[in-house]
Amino acid sequence: MPVGHLQQLVNGNMTSHNTAELFANRKTVLFAVPGAFTPTCSAAHLPGYVVKADELFNKGVDQIICLSVNDAFVMSAWGEAQNAENIMMLADGDASYTKALGLEMDTESFGGVRSKRYAMIIENGVVTSLFIENPKEFEVSKAEVVLNDL
């Protein structure tokens, strides 16, 4: 896993997370979306993880992270709008971490460089499962798929 920094708005304060520390000594489910408040992301992707959070935690997951190339203010507002209190809503504002993972895509006039839609299971800093969606699809990165893989 590359090392980078991701931002989170916590109680109105900006927090920066070092990914090496964030993923150390725990099991993480991280899923990424092309954009907060976008149709598939808001109607299906994030809500699936909100609904399945308890089941994921019961399977030994320590933290669930939603990542997007947006700013931390947008990610915080989106999390609040989606009742995602059990999910860390993290921002990769300049897409540097997404690029380091090699999971970026250029959406051109839609929003520029964004993240592909994917999910991964990370155990103590090592990716043990990776589910990357084909463009304009939403099949393999769903919470149900990740849950079945745990």
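Residues numbered from 1 in each chain as written. Predicted model: local features only at pLDDT ≥ 70, side-chain atom pairs only at ≥ 80, totals over all residues. Heavy atoms only, no water.

S.K.: A description of the pairing of strand E5 (residues 88-91) should follow, citing residues and the corresponding values.
M.R.: Residue alternation in E5 divides its side chains into two sets, Met-88 and Leu-90 and Met-89 and Ala-91, and both sets are buried. Note that strand E4 (residues 63-68) and E5 share 4 bridges and pair parallel. By the bridge assignment for E5, Cys-66 is matched with Met-89. Between E4 and its parallel partner E5, the chain crosses via helix H3 (residues 72-81), and the hand of that crossover is right-handed. (Buried < 20%, exposed > 50% of the residue type's maximum accessible area, 1.4 Å probe, protein only. Helix = DSSP H or I, 4+ residues; strand = E, 2+ residues; numbered from the N terminus. Pairing = 2+ DSSP bridges. Right-handed = clockwise from strand over helix to strand, strands pointing away.)

S.K.: So what about the environment of Ala-81? Which residues, and what values?
M.R.: You can see Ala-81 is positioned in helix H3. For the pair Ala-81 and Phe-37, spaced 44 residues apart in the sequence, the C-alpha separation amounts to 9.2 Å.

S.K.: A description of the side chain of His-17 should follow, citing residues and the corresponding values.
M.R.: Tracing the backbone through its elements, the reader meets His-17 in strand E2 (residues 13-18). Side chain to side chain, His-17 and Gln-8 meet in a polar contact 2.7 Å long. Aside from chain neighbours lying at most four places away, what touches His-17 is Gly-4, His-5, Leu-6, Gln-8, Leu-22, Met-88 and Leu-90. (Polar contact = N/O pair within 3.5 Å; in protein donor to acceptor, adjacent residues only side chain to side chain. Contact = heavy atoms within 4.5 Å.)

S.K.: Residue-level account of a nonpolar patch on the surface, with values.
M.R.: Where nonpolar side chains cluster on the molecular surface, the patch consists of Met-1, Val-127, Leu-130 and Ile-132 and spans about 300 Å² of accessible area. By the element assignment, Val-127 lies in strand E9 (residues 126-132). Among the residues examined, Val-127 registers a relative accessible area of 31% and is labelled partly exposed. (Patch = residues over 30% accessible without salt bridge, like charges linked within 9 Å, V, L, I, M, F, W, Y side chains within 5 Å. Areas by Shrake-Rupley, 256 points an atom, 1.4 Å probe, with all protein chains shown as cover. Salt bridge = Lys/Arg side-chain N within 4 Å of Asp/Glu carboxyl O.)

S.K.: Explain the pattern of salt bridges to me, using residue names and the numbers behind them.
M.R.: Tallying each qualifying case throughout the model produces 1 salt bridge. Glu-55 is the partner of Lys-52 in a salt bridge, and the nearest nitrogen-oxygen pair spans 3.4 Å. One end of the pair is Lys-52 and the other is Glu-55, both in helix H2 (residues 39-58) and 3 residues apart, which spans about a single turn.

S.K.: Quick rundown of H2? Include the residues and the values.
M.R.: Here H2 contains 20 residues, and its C-alpha end-to-end distance of 29 Å stays within 8% of the 28 Å for a straight helix at 1.5 Å per residue. Remark: the principal bend of H2, roughly 60 degrees, maps to Lys-52. Taken residue by residue, H2 has Cys-41, Ser-42, His-45, Leu-46, Pro-47, Gly-48, Tyr-49, Lys-52, Ala-53 and Leu-56 as its buried positions. Residues of H2 that are buried in the fold lie against strand E3 (27-33), E4, H3, E5, strand E8 (118-123) and helix H5 (143-149). Where H2 ends, the next residue or the one after it, Gly-60, has phi of about 100 degrees, a positive value. (Expected span 1.5 Å × (residues − 1). Bend = angle between axes of the 7 residues up to and from the residue.)

S.K.: Requested: an account of H3, with residues and values cited.
M.R.: All buried positions along H3 are accounted for by Ala-72, Met-75, Ser-76, Trp-78 and Gly-79. Taken down its axis, H3 places every buried residue within 165 degrees of arc, on the same side. Away from its buried face by more than 90 degrees, H3 exposes Phe-73, Glu-80 and Ala-81. Two or three places before Phe-73, at the start of H3, stands the capping residue Asp-71, its side-chain oxygen 2.9 Å from that residue's backbone nitrogen. (Arc of directions from axis to C-beta.)

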